[in-house]
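The chain contents come next:
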Amino acid sequence: MTDAMTQAAPDAGGAPATAVPALEVREAAVNLGGVKALDGVSLTVHDGRLYGLAGPNGSGKSTLLAAISRLLDLTSGNILIGGADVMRRSPFQVAQLGLARTFQTVRLMPQFSVLENAMFGADQAVFGSSFVKQWLMPWWTRGREAQVRARAEAALDRLHLMDLRDELPLNLSYGTQRKVEIARALAAEPHLLLLDEPTAGMNRAERDEIGELLLRLRHEGVTQILVEHDLKMMVDICDHLYVLDSGHRIASGRPAEVIREPQVVEAYLGRGRRAAA
Ligand SMILES: Nc1ncnc2c1ncn2[C@@H]1O[C@H](COP(=O)(O)OP(=O)(O)OP(=O)(O)O)[C@@H](O)[C@H]1O
């Protein structure tokens, strides 16, 4: 299916396509140490929808999220967030466009409490780059701190983590640490949220809880891209599914239909068959 068809299609539960997409990836290519981690990938993400990004190990999903959040350079191609050219901006400036993300491996700061970790997520969104004000106007800083704390507490509350606000991350289970990471991203009150395997290491109940949270965020208008190996979860909650394989986009469309496409089945199963042979 082409992107033009994707935009015209009445995706299940999706909001109408807007004139300026929340995100456009145009022919993105990334070479990493001689490997074509991405090779001409294009995709379009519309406001307020929940997109799945699937693909077997090494297909380029994390590389794509890293490029969108400006943590690595494209070799060629372009990425636009709300029409703004990401490649001309620093990661900080990209966050200012309303982007927040979680990482494949937990990246909490172990010496800080759960609440303080969540406050880091809100910090940049509230303080922006007004460093001079922070030094010269302590009363301004105190006011902003209260805002940061309130946002962090609201985000922790959404994930039922307020009882753990004073704990250090290392005292928490891996699944709970992942939830703190999601809270940190939510504390930024993002418009576009990238989630790299947010349920890895979680039990079934925790996965269901995260699935419900992402659906709630979707109903609140947060545009999301979810990288996830659990295809059932993708089918259950995503409006649209993109599938990568070996750095190429191999499928795009309604999740329940996409996972049955022969090239998707081959990408997931063929690899296992070839390895077993
Ligand atoms: N720093 C790096 N140097 C060289 N090659 C890399 C580097 N990081 C990733 N790659 C390669 O780029 C390709 C895409 O990797 P990427 O991590 O984006 O895949 P993925 O779909 O996220 O995989 P997974 O599901 O296992 O997380 C793989 O072939 C990987 O080995």
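Residues numbered from 1 in each chain as written. Predicted model: local features only at pLDDT ≥ 70, side-chain atom pairs only at ≥ 80, totals over all residues. Heavy atoms only, no water.

## Details of helix α8 (residues 204-219)
Logical step 1: The end-to-end C-alpha distance of α8 is 23 Å, a good match for the 22 Å that 16 residues give at a rise of 1.5 Å each.
Logical step 2: Here α8 has its buried residues at Glu206, Arg207, Ile210, Gly211, Leu213, Leu214, Leu217 and Arg218. Along α8, the residues classed as buried sweep out an arc of 160 degrees about the axis, all on the same side. Projecting away from the buried face of α8 at angles above 90 degrees are the exposed residues Ala205 and His219. (Helix = DSSP H or I, 4+ residues; strand = E, 2+ residues; numbered from the N terminus. Expected span 1.5 Å × (residues − 1). Buried < 20%, exposed > 50% of the residue type's maximum accessible area, 1.4 Å probe, protein only. Arc of directions from axis to C-beta.)

## So, the nonpolar core
Logical step 1: Among the nonpolar cores identified, the biggest contains 40 residues, and Leu159, Leu186, Leu193, Leu214 and Leu226 are the most heavily contacted of them.
Logical step 2: The element that contributes the greatest number of residues to this core is helix α7 (residues 174-187), accounting for 6 residues.
Logical step 3: For this core, the domains that each give at least three residues are domain 1 (1-98 + 192-277) and domain 2 (111-189).
Logical step 4: In terms of nonpolar packing, the next biggest core, distinct from the first, is built from 30 residues, Ile79, Ile81, Val94 and Leu192 among them. (Core = buried A, V, L, I, M, F, W, Y, C linked by side-chain atoms within 4.5 Å. Domains from an automatic or database assignment.)

## Some thoughts on the packing of aromatic side chains
The relation between two aromatic rings is expressed through the spacing of the ring centres and the mutual angle of the planes.
Logical step 1: Applying the stated criterion to the full structure yields 2 aromatic pairs.
Logical step 2: Ring centres 6.1 Å apart and planes at 10 degrees place the aromatic pair Tyr51 and Tyr242 in the stacked group. Pair noted here: Tyr51 is in strand β3 (residues 50-54) and Tyr242 is in strand β9 (residues 240-245), with a separation of 191 residues, a long-range link. A single burial state applies to Tyr51 and to Tyr242, both of which are buried.
Logical step 3: When the ring centre of Phe103 is taken as origin, the NZ or CZ atom of Arg107, which lies over that ring, is 3.9 Å away. (Phe/Tyr/Trp six-rings, centres within 6.5 Å; stacked < 30°, edge-to-face > 60°. Lys NZ or Arg CZ within 6 Å of the ring centre and 35° of its normal.)

## As for the pairing of strand β6 (residues 99-102)
Logical step 1: What you see with β6 is no split at all: Leu99 and Arg101 on one side and Ala100 and Thr102 on the other are buried throughout.
Logical step 2: Bridge count between β6 and strand β7 (residues 192-196): 4 bridges; the pairing is parallel. Looking at the pairing, Leu99 lines up with Leu192 of β7. (Pairing = 2+ DSSP bridges.)

## Things to note about the pattern of salt bridges
Oppositely charged side chains can form a pair if their charged atoms are brought close together.
Logical step 1: The final tally for this structure, using the stated rule, is 15 salt bridges.
Logical step 2: Across the salt bridge formed by Arg26 and Glu24, the nearest N and O atoms sit 3.3 Å from each other.
Logical step 3: Here Arg218 and Asp239 are joined by a salt bridge, their closest N and O atoms 2.7 Å apart. On the criterion of sequence distance, the pair formed by Arg218 in helix α8 and Asp239 in the loop between α9 (231-237) and β9 is long-range, its members being 21 residues apart.
Logical step 4: Look at Asp239 and you get buried, because its relative accessible area is 4%. (Salt bridge = Lys/Arg side-chain N within 4 Å of Asp/Glu carboxyl O.)

## Some words on the sheet that holds strand β5 (residues 84-85)
Logical step 1: One open sheet holds the 4 strands; their spatial order is β2-β1-β4-β5, and the pairing between them is antiparallel. The open sheet has two free edges, formed respectively by β2 (35-45) and β5, since each of these has just one partner strand.
Logical step 2: The sheet contact formed by strand β1 (residues 23-32) and β2 spans 8 bridges and is antiparallel. The residue of β2 that forms the bridge with Ala29 is Asp39.

## Focus: the confidence of the model for the protein
Logical step 1: For the protein, per-residue confidence averages 85 on the pLDDT scale, and 84% of positions sit at 70 or higher.
Logical step 2: The low-confidence segment residues 1-15, where pLDDT is below 50, has 32 contacts with residues more than four positions distant or belonging to other chains. (pLDDT = per-residue confidence, 0-100. Contact = heavy atoms within 4.5 Å.)

## Some remarks on the sheet that holds strand β10 (residues 248-253)
Logical step 1: Spatial strand order, β6-β7-β8-β3-β9-β10: 6 strands in an open sheet with mixed pairing. Only two strands of the sheet have a single partner each, and these edge strands are β6 and β10. When the angles between neighbouring strand axes are averaged without regard to direction, this sheet yields 15 degrees.
Logical step 2: In this fold α8 packs onto β3, β7 and β8 (223-227), with an angle of close to 155 degrees to the strand it touches most, β8. (Axes fitted to C-alpha atoms, helices over the stretch in contact; angles between N-to-C directions.)

## Digging into the side chain of Glu197
Logical step 1: Take Glu197: it is sitting in the loop between β7 and α8.
Logical step 2: It turns out Glu197 is buried and unbridged, and the closest side chain with the opposite charge, Lys61, is 5.4 Å from it.
Logical step 3: Those residues within four positions of Glu197 in sequence are excluded, and the remaining contacts are Gln104, Arg178, Val227, Glu228 and His229. (Lys, Arg positive; Asp, Glu negative; His and termini not counted.)

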